[in-house]
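Secondary and tertiary structure notes
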Amino acid sequence: MYCLGVETSCDETAIALLEKSDDGSYIILNEEISSQARLHEKYGGVVPELASREHLKNLPLLTDLVLSSAKKSLADIALIAVTSGPGLKGCLLTGTNFARGLALKHNTPIIGVNHIEAHIVSPLLENPQIGFPFLALVISGGHTEIIKVTALGEYELISRTLDDAAGEAFDKAANLLGIAYPGGPRLAEFADRVTTSRFSLPKVMRESPGFSFSGLKTAIMILIRDNEKLISDDEGVVFEIAHAAQDAILDALLYKLKEAARATGISRVAVSGGVSANKELRRRLNADRSLEVFYPAARHSTDNAAMIAYLGLRLYTERGVRDETLPVRARWPVEESR
Ligand code: KG4
Ligand code: ZN
């Protein structure tokens, strides 16, 4: 049984072809991702109208590529799964309208899925042995959440960001250091070039139940302002500031995750979303003997359509979820997704 996944919630156009084989295993037959990072770079962030237009241009090209190189056609597809929220409204509409058009051709069933729910289940694609319940730490550009997952489709929110997301905090810190958008991965690279830092930033909101990263931005701004001369005299100082920023963000993520593990008695953790690609985060998590940690494959940490197809196919086959109306939701808390 084949499912075509369509993802356009932000600045990545992605298409994937997933097969559920007779033994119940899932195989990615093909997938393509077109990132718009370079297009938005000069604006310092995603421009929604440009993103929608780019999706519209890329969707048919990527779909043809994915299907033809897997030697499949639309007639072979049993289900189309498309991200219907949360995300940029215009981008979501572009994706869902395109998917609806494809579905009409052969009367293919279609299902709209929650992008965050897809991140939550993405580690299961490569690690089907992860048992329920587990804690999902979703850390992306727009979301930072710890969710207790008791079964597919059953989510309980433990903690969520009150302002900036972890990825956004990485990107804003990078921006303050003059690193172009999306600066998160580059900031991480800078941070890892040194092993210590002469700077220390305040611990991020350890006491409150939610995450908050906006104060960190101000602290970095002040740090840069107070050390202007040092920064211009020694380029290594930037690496040390990046190191301190990464440390502060990771400290908050690990602290809250461990607190959630203690409170729920669940030590199994699935980490997903763009920031889960962070090397230092993985090093710290893997070194923690009290947690059993799983990740998606590197290419499925950031936005992709394989996770959309996987979630769609599982909801369709295991829970009988159908979705003829396909409303798009810019805001769609994952605990309200089913
Ligand atoms: O999940 P994702 O691809 O898109 C959203 O749904 O937001 O996450 C993108 C975010 C960006 O903020 C990016 O800077 C961050 O993930 N990111 C990283 C790393 N790779 C991507 N942040 C820190 N370290 C990384 N290695
Ligand atoms: Zn995402």
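Calculation criteria
- Residues numbered from 1 in each chain as written.
- Chains lettered and ligands numbered in written order.
- Predicted model: local features only at pLDDT ≥ 70, side-chain atom pairs only at ≥ 80, totals over all residues.
- Heavy atoms only, no water.
- Core = buried A, V, L, I, M, F, W, Y, C linked by side-chain atoms within 4.5 Å.
- Buried < 20%, exposed > 50% of the residue type's maximum accessible area, 1.4 Å probe, protein only.
- Helix = DSSP H or I, 4+ residues; strand = E, 2+ residues; numbered from the N terminus.
- Expected span 1.5 Å × (residues − 1).
- Bend = angle between axes of the 7 residues up to and from the residue.
- Contact = heavy atoms within 4.5 Å.
- Salt bridge = Lys/Arg side-chain N within 4 Å of Asp/Glu carboxyl O.
- Pairing = 2+ DSSP bridges.
- Axes fitted to C-alpha atoms, helices over the stretch in contact; angles between N-to-C directions.
- Near = heavy atom within 4 Å.
- Polar contact = N/O pair within 3.5 Å; in protein donor to acceptor, adjacent residues only side chain to side chain.
- Areas by Shrake-Rupley, 256 points an atom, 1.4 Å probe, with all protein chains shown as cover.
- Nonpolar A, V, L, I, M, F, W, Y, C, P; charged D, E, K, R; others polar.
- Right-handed = clockwise from strand over helix to strand, strands pointing away.

Digging into the nonpolar core
- By size, the foremost hydrophobic cluster in this structure holds 49 residues, and its most contacted members are Leu-187, Leu-201, Phe-213, Leu-253, Val-271 and Leu-285.
- Broken down by element, this core gets its largest block of residues, 16 residues, from helix 9 (residues 236-264).
- If you look at the next biggest cluster of nonpolar residues, it comprises 37 residues, including Val-138, Leu-152, Tyr-155 and Tyr-316.

Observations concerning helix 2 (residues 48-69)
- Under the 1.5 Å per step criterion, the end-to-end length of helix 2 is 31 Å for 22 residues, consistent within 8% with the ideal 32 Å.
- The sharpest bend along helix 2 reaches about 35 degrees and sits at Asn-58, with the proline Pro-60 one to four residues further on.
- For helix 2, the full list of buried residues reads Ala-51, Ser-52, His-55, Asn-58, Leu-59, Leu-62, Thr-63, Val-66 and Leu-67.
- Where helix 2 is buried, its residues meet strand 1 (2-7), strand 2 (12-20), strand 3 (26-35), helix 1 (37-41), strand 4 (77-85) and helix 3 (89-106).
- Backbone geometry just after helix 2 places Lys-71 at a positive phi near 55 degrees.

Focus: the pattern of salt bridges
- If you walk through the whole model with that rule in mind, you get 18 salt bridges.
- Between Glu-240 and Arg-198 there is a salt bridge, with its nearest N and O atoms 2.9 Å apart. Placement of the pair is Glu-240 in helix 9 and Arg-198 in the loop between helix 6 (184-191) and helix 7 (214-226), with a sequence separation of 42 residues.
- For Asp-226, the salt bridge is made with Arg-225, and the minimal N-O distance between the two is 3.3 Å.
- Ionic contacts of the salt-bridge type, sharing partners, join the residues Asp-247, Glu-280, Arg-283 and Arg-284 into one network.

Overview of the sheet that holds strand 7 (residues 144-151)
- As summarised here, the arrangement of the 5 strands in space is 8-7-6-9-10, forming an open sheet in which the pairing is mixed. The two strands at the open ends of the sheet, each matched to only one other strand, are strand 8 (154-160) and strand 10 (292-294). Here the average twist between neighbouring strands, direction ignored, is 25 degrees.
- Of the pairings in the sheet, the one linking strand 6 (residues 134-139) to strand 9 (residues 268-272) comprises 4 bridges and is parallel in character. Bridge assignment links Leu-135 to a residue of strand 9, and that residue is Val-269.
- Each of strand 6, strand 7, strand 8 and strand 9 is contacted by helix 9, which is oriented at about 160 degrees to strand 6, the strand it contacts most.

Description of the site of ligand 1
- The immediate surroundings of ligand 1 are formed by 18 residues, with Gly-141, Asp-171, Gly-274, Asn-278 and Asp-303 found nearest.
- At 3.1 Å, a backbone N or O of Asp-303 approaches an oxygen atom of ligand 1.
- The protein chains hide 87% of the 550 Å² of surface that ligand 1 would expose on its own.
- Those elements giving two or more residues to the shell around ligand 1 turn out to be helix 4 (115-126), helix 5 (166-176) and helix 6.
- Per-class residue counts for the shell around ligand 1 are 5 nonpolar, 11 polar and 2 charged.

So, the pairing of strand 4
- A large share of strand 4 lies buried, amounting to 8 of its 9 residues.
- Two strands pair when backbone bridges link them, and strand 1 and strand 4 are joined in this way by 5 bridges, in the parallel orientation. Each bridged residue has a counterpart across the sheet, and for Val-6 the counterpart in strand 4 is Val-82.
- Direction of pairing for strand 4 relative to strand 5 (residues 110-114): parallel, over a ladder of 5 bridges. Its bridge partner being in strand 5, Ile-80 is matched across the sheet by Ile-110.
- In this region the chain leaves strand 4, passes through helix 3 and returns to the parallel neighbour strand 5; the handedness of that crossover is right-handed.

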